[in-house]
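# Notes for the structure review
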Amino acid sequence: MGRTLVVAPWGQPALWREAIYDLDGRKMESCTSLGLFIEHFGGENVDVAILALDSLADEFIGQKSDSRCYTCYEKFRDYIKKSAAARSYIELRRGLTGFVKQFVKCLELPCDPFVIICPAVGRPGGKWEFSGAPSDFEAVALYELGKRYIEKAYTRIVLDLSHGVNFMPAVTLKLAGKLASLILAAHEGLQDGVELQVYNSDPRPSLDEAPRLNINLVSKDRVKTILAPHQLSSRLLDTKERYLFTERGRLNVEYLAMVKLPVSAIYYPLPLALCETVPQASSSPGSLQLLDKAFTLWCESVRIGDKLVKRLIKLDPDAVYALLLTEAVRMRLRGVGRPPTLEDIKKLAELYNVVNESFYYLIMDEISRVERSLSYFTNTGWVPLSKLFSEDGERGMNPDKRIMIAHAGLQMELVEVNIHTKQLRYRIDVKDTLDKAGLLL
């Protein structure tokens, strides 16, 4: 087994009390299940991400306990107080991140977790109110997880839902599937897919001092196909605040321009179009840079005052996913030539195999057809596929949706091949080609 990512949503840790956690016969006494997960799944081969809520800023002043978790909360309570007094949301998040990291160190958990402060909704702590779109939790968590973790070819994602509250477990499960999909898109060699395991502990009896709690395997699945959006969210950002309309509009235009072509070329089996629509260099402005801009604007538009945290902008999680998918595919295209060779397209067939298995065979059949015809051709330079196949090209240069799909985007009148280098390219602009064929989502 390769590397494992453990994702743990956390509610209010001051409330957690000691228990003897049991995971497949391995036991550990603690006030949190996380340490047992790290030990069980390989220690050094495990990365940990903790999804905490910004409602931690609502300081816990309830009943004291002798739990190690309460002791560590008390020790670093000043972090909470400073976060509650923050003048900006960015400062509040930074303070709460520091608190969670210190809390983990205090518990002597064997990890240096990646901490994501996610937006709460309502009054989880009873005193502060958190107002904004409920979907912001998924969007923020997916952005932070995707940006950090799609670079690594994880073979397993484990969710520890034992300490999640309210909507956190359900949304964490949803975004974990998307994260697994992104990892599949970004990396070759994951023929067995990404294993997704979901755990939750028994409910804790209120009276027992240190009860034995089983950690139960709720579900186990293997993600072997990419979630390819069949339609695109029209907006990355939305707001009712007029002073934010201009910036919102600019970023939404950039978002659609960045994802429409590549996501369309993923949804339909169009590997050559994909090569021509995804930026080559990571140094060029790309999806991660746009996500950074959108997230910064989202953070800067949050208003804090009189125990109210109000988010003025909504982040769309489906749009975040489309941008991350574009980035994952850009990673997959590293080393692919521009224009791509026939061998490059064969490699891309592996990507389409995890979109839809039939796409793989469709693409390989089309490339084999070109290769067979090349063996009878002695010319050099660029030749239209229609000439290569000794067809008259009676359709002219008019893209046809049915033909484009049936031939993996290699409609013979629209594509040419270099006899010497065996590279492929479209003879007309790829955007116009897909637009005229009705292949844009």
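For the structure given in this document, a descriptive report is provided here. (Residues numbered from 1 in each chain as written. Predicted model: local features only at pLDDT ≥ 70, side-chain atom pairs only at ≥ 80, totals over all residues. Heavy atoms only, no water.)

This part is about the state of the cysteines. Counted under the stated rule, the structure contains two disulfides. In this model, Cys31 is linked to Cys69 through a disulfide, with the two sulfur atoms separated by 2.0 Å. Disulfide Cys31-Cys69: the torsion about the S-S bond is 85 degrees, which places it as right-handed. Pair noted here: Cys31 is in the loop between strand E3 (26–30) and helix H1 (34–40) and Cys69 is in helix H2 (residues 68–75), with a separation of 38 residues, a long-range link. Considered together, Cys31 and Cys69 belong to a single accessibility category, that of buried residues. Paired by a disulfide, Cys72 and Cys106 hold their sulfur atoms 2.1 Å apart. Its S-S torsion of approximately -80 degrees makes the covalent link between Cys72 and Cys106 left-handed. Remark: Cys106 occurs in helix H4 (residues 89–106) and Cys72 occurs in helix H2; sequence separation between them is 34 residues. For the pair Cys72 and Cys106, a shared accessibility class is recorded, and that class is buried. Left unpaired, Cys299 is separated from the closest cysteine sulfur, that of Cys118, by 11 Å. (Disulfide = S-S within 2.5 Å. Helix = DSSP H or I, 4+ residues; strand = E, 2+ residues; numbered from the N terminus. Buried < 20%, exposed > 50% of the residue type's maximum accessible area, 1.4 Å probe, protein only.)

Moving on to the pattern of salt bridges. Tallying each qualifying case throughout the model produces 26 salt bridges. Residues Lys27 and Asp22 are paired through a salt bridge, measuring 3.4 Å at the closest nitrogen-oxygen approach. Judged by its relative accessible area of 49%, Lys27 is partly exposed. Each of Glu138, Lys174, Lys178 and Asp318 takes part in a single network of salt bridges with overlapping partners. (Salt bridge = Lys/Arg side-chain N within 4 Å of Asp/Glu carboxyl O.)

In this section: the packing of helix H11 (residues 342–353) against helix H12 (residues 357–374). The N-to-C vectors of H11 and H12 enclose an angle of 165 degrees; their axes lie 7 Å apart at closest approach. When the axis of H11 is compared with that of H12, the two are roughly antiparallel. Crossing angle aside, the handedness with which H11 passes H12 is left-handed. On the side of H11, the interface is formed by Leu342, Glu343, Ile345, Lys346, Ala349, Glu350, Tyr352 and Asn353, while H12 contributes Glu357, Phe359, Tyr360, Ile363, Met364, Ile367, Val370, Glu371 and Leu374. (Axes fitted to C-alpha atoms, helices over the stretch in contact; angles between N-to-C directions. Parallel < 35°, antiparallel > 145°, perpendicular 65-115°, else oblique. Left-handed = near helix turned anticlockwise from the far one by under 90°. Contact = heavy atoms within 4.5 Å.)

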